[in-house]
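Summary of the model geometry
As a plain string of letters, each chain reads:
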Amino acid sequence: MSTVDLNADLGEGYGAWRMGDDEAMLGLVTSANVACGYHAGDPDIMARCFSLAKRRGVAIGAHVSFPDLAGFGRRRIPYSAAEVERLVAYQIGAAQGLARYSGHRLTYVKCHGALANVAEVEPEIALAVARATHAVDAGLTLLAIARSEQVAAAEHAGVPIAHEVFADRAYLDDGRLKPRSQKGAVIEDADWAAARALAMLQDGAIVTESGKRLPTQIDSICVHGDTPHAVEMTRRLRKALERAGYELFPFAPSEA
């Protein structure tokens, strides 16, 4: 039986403000990308999310971003590559500390929002993220956008790699994610998202908006936890994968 990981961006509230349904999503996914306080999240939310993930057998990763609470991490801030390296290391350290506090173990790192978009196409920023990951803990895996500069950077830095595709985002013909500013960038039809994700797995390729297939390894499928239909989309995607014979399992389990 083939295995695949299902991940989601979680822990994205702040203080009394809540974003998404972390508890429901943690009952569906196998890996949780938890916000580290820069685009969302705080110590209480992080600890609660890590504790619940531990109880549910869900692997956890640091979801690192530009420091942009007001913009939810979706605005590029003009940091140098060296500054990015340090701010990523800072967030990983915070996530590791609260994971241990919660009785869980951090096993991977994933970029969020604008930082992910920049690292997708700019080698120096991608390498800064990979270097920070390796420096803090060489055993951490980098969850990288498939066919992006993040993959090459991880290989260069000697960081373990997991290749990620998105169930709820459209792709351009060059393999890049369609910018959120463009119509159709976010897929809201749960059945279509599930069918397309399954097609990507079966074809071993990114399926672009025009129907083009771009070959890639696929280790994990992402559903964004902050969308209104995230829980239903994730539920339908999981059922579709299981019906097709896939076993859902973390790409970087906490228990090696």
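To be clear, the structure that these remarks concern was listed above.
Residues numbered from 1 in each chain as written. Predicted model: local features only at pLDDT ≥ 70, side-chain atom pairs only at ≥ 80, totals over all residues. Heavy atoms only, no water.

1. Observations regarding the pattern of salt bridges
Under the defined criterion, the tally for this structure stands at 12 salt bridges. Lys 178 is the salt-bridge partner of Glu 209, the closest N and O atoms lying 2.9 Å from each other. Taken together, the residues Glu 209 in the loop between strand S7 (205-207) and strand S8 (213-215) and Lys 178 in the loop between strand S6 (161-166) and helix H7 (190-203) connect sequence positions 31 residues apart. Relative accessible area serves as the criterion here: at 9%, Lys 178 is assigned to the buried category. (Salt bridge = Lys/Arg side-chain N within 4 Å of Asp/Glu carboxyl O. Helix = DSSP H or I, 4+ residues; strand = E, 2+ residues; numbered from the N terminus. Buried < 20%, exposed > 50% of the residue type's maximum accessible area, 1.4 Å probe, protein only.)

2. A few points about the packing of helix H5 (residues 123-136) against helix H6 (residues 149-157)
Put simply, H5 and H6 touch, their axes get as near as 8 Å, and they point 45° apart. Of the possible angle classes, the one that applies to H5 and H6 is oblique. Between H5 and H6 lies a crossing of right-handed hand. Residues Pro 123, Ala 126, Leu 127, Ala 130, Arg 131 and His 134 of H5 touch H6, and the partners they reach there are Glu 149, Gln 150, Ala 153, Ala 154, His 156 and Ala 157. Class assignment of the residues belonging to the contact of H5 with H6 gives a composition of seven nonpolar, three polar and two charged. (Axes fitted to C-alpha atoms, helices over the stretch in contact; angles between N-to-C directions. Parallel < 35°, antiparallel > 145°, perpendicular 65-115°, else oblique. Left-handed = near helix turned anticlockwise from the far one by under 90°. Contact = heavy atoms within 4.5 Å. Nonpolar A, V, L, I, M, F, W, Y, C, P; charged D, E, K, R; others polar.)

3. Digging into the side chain of His 63
Its location among the elements puts His 63 in strand S3 (residues 59-64). Judged by its relative accessible area of 0%, His 63 is buried. Once residues lying within four places of it in the same chain are set aside, the contact partners of His 63 are Asp 9, Glu 12, Asn 33, Val 34, Ala 35, Cys 36, His 39, Gln 91, Lys 110, Cys 111 and His 112.

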